[in-house]
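Residues per chain are reported as follows:
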Amino acid sequence: MTKTIVITGSSTGLGRATALLFAKKGWKVFATMRDPSKETELGQVEGIKVVALDVTDPAQIEAAAKAILAAGPVDVLFNNAGYGLAGPFEGTSDEQLQRQLDTNLLGVMRVTQAFLPAMRERGSGQIVTTTSIGGLVTFPFNSVYHATKWALEGWSESLAFELAQFGIQVKTVAPGGIATDFAGRSIVRTEHPAYAEATAKVAAAFMSPERRAQGSTAEQIAEEVYEAVADDSGKVIHVAGNDARANYARRLEAGVEAFRAGVRQMFFGA
């Protein structure tokens, strides 16, 4: 029997690569995105149906979920929509705070609530959420982004306990650097003159060719999403990408403060 996956944030990057991979493997894919009118290719792929879904719009979430579930049961919900907010916290506007939390955190929760009742009644399903290595370790000038990703890890871990009784698995996929347009299209930057020099140092370190070369392609991470879905071990956190695994291993092995000292050295040289 053909399985079904719903993916949010499917217009580019990891969401798009995951939609194509699952379709190739014979899954029925609902690729959701804010503006399907801009998408001309995904809908032409066999097995993929493009659906309008803005994770910050509760009414649209409800309508999309109703339409998708009317077509049949959903085996996997892949919460992937999100973006980065980077820069000095002091320079962050209230509107930027609200939008980051609304998209990265509340959006995931809203979409999950829309599909959860059907999974519970059926007695099976998976809720998989893209977090980030930034949900397990921290770097400078990403505090609000980290807040959303750490929150998603905690939410997922707790949710896994309460949904296990209904046969529903909860998992996170925590990628490191992905060679997509995330850094350009999916990052909003804050500014404050008092932090200009430090911000420039951190940005240069993040964008260095050496660091970027350690990242993965969207297609490689999509393969790890597929592996996470196939995993039946009960594991919640699936760290994806060699750079992410290396960073997380260092934090676990060295301890929090020693790891933080290494991050300071990396970005500030002291």
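Chemist: Just give me the short version of the overall build of the chain, but keep the residues and values in it.
Modeler: Check the secondary structure of the chain and you find ten helices and nine strands. What you see for the chain is a C-alpha radius of gyration of 19 Å, in line with the 18 Å of a compact globule of 270 residues. For the chain, with 270 residues in total, the buried portion stands at 45%. By element, 54% of the accessible surface of the chain is carried by carbon and sulfur atoms, the whole surface being about 13,100 Å². Averaging the positions of the 26 positive and the 29 negative side-chain charges in the chain gives two centres separated by 2 Å.

Chemist: Give me the lowdown on the packing of aromatic side chains, citing residues and values where you can.
Modeler: All told, the structure shown has six aromatic pairs when counted by the stated rule. Consider the rings of F139 and F267, whose centres lie 5.9 Å apart with planes at 65°: the pair is edge-to-face. Of the two residues, F139 is situated in the loop between strand 6 (125-130) and helix 4 (143-163) and F267 in helix 10 (residues 256-268); the sequence distance between them amounts to 128 residues. In terms of burial, F139 and F267 fall into one category: buried. Relative to F267, the ring of F206 has its centre 5.0 Å away and its plane inclined at 45°; by these criteria the two rings are tilted. Taken together, the residues F206 in helix 6 (residues 196-206) and F267 in helix 10 connect sequence positions 61 residues apart.

Chemist: So what's going on with the nonpolar core? Which residues, and what values?
Modeler: With 27 residues, the main nonpolar core has V6, I68, V111, F115 and L163 as its most contacted residues. Where this core is concerned, the elements lending two or more residues are helix 2 (58-70), helix 3 (94-122), helix 4 and strand 7 (168-175). At six residues, helix 3 tops the list of elements feeding residues into this core. Leaving out residues up to four positions away in the same chain, F115 has contacts with V6, A65, I68, L69, V74 and L77. The next biggest cluster of nonpolar side chains, apart from the first, holds 25 residues, and it includes A17, F22, F78 and A228.

Chemist: I'd like a description of the sheet that holds strand 4 (residues 76-79), backed by residues and values.
Modeler: Pairing within the open sheet is parallel, and its seven strands lie in the order 3-2-1-4-6-7-9. Looking along the sheet, the strands with just one partner apiece sit at the ends: strand 3 (48-52) and strand 9 (237-240). Pairwise comparison of adjacent strand axes, ignoring direction, gives a mean angle of 20° for this sheet. Against the sheet, helix 3 makes contact with strand 1 (4-7), strand 4, strand 6 and strand 7, and its axis sits at roughly 175° relative to strand 4, the strand it touches most. Across the sheet, helix 4 touches strand 6, strand 7 and strand 9, and the angle it forms with strand 7 is around 160°.

Chemist: For the pairing of strand 4, give the residues involved together with the corresponding values.
Modeler: Because side chains alternate across strand 4, one face comprises the buried residues V76 and F78, and the other comprises L77 and N79, equally buried. With three bridges connecting them, strand 1 and strand 4 associate as parallel partners. Pairing of I7 across the sheet is with F78, part of strand 4.

Chemist: Run through unusual backbone geometry, naming residues and quoting values.
Modeler: Backbone geometry at F141 places phi at a positive 60°, although glycine is not the residue there. The residue F141 is located in the loop between strand 6 and helix 4 in this model.

Calculation notes
Residues numbered from 1 in each chain as written. Predicted model: local features only at pLDDT ≥ 70, side-chain atom pairs only at ≥ 80, totals over all residues. Heavy atoms only, no water. Helix = DSSP H or I, 4+ residues; strand = E, 2+ residues; numbered from the N terminus. Rg over C-alpha atoms; globule rule 2.2 N^0.38 Å. Buried < 20%, exposed > 50% of the residue type's maximum accessible area, 1.4 Å probe, protein only. Areas by Shrake-Rupley, 256 points an atom, 1.4 Å probe, with all protein chains shown as cover. Lys, Arg positive; Asp, Glu negative; His and termini not counted. Charge placed at Lys NZ, Arg CZ, Asp CG, Glu CD. Phe/Tyr/Trp six-rings, centres within 6.5 Å; stacked < 30°, edge-to-face > 60°. Core = buried A, V, L, I, M, F, W, Y, C linked by side-chain atoms within 4.5 Å. Contact = heavy atoms within 4.5 Å. Pairing = 2+ DSSP bridges. Axes fitted to C-alpha atoms, helices over the stretch in contact; angles between N-to-C directions.

Interpretation note: all reported values are geometric properties and have no functional meaning in isolation.
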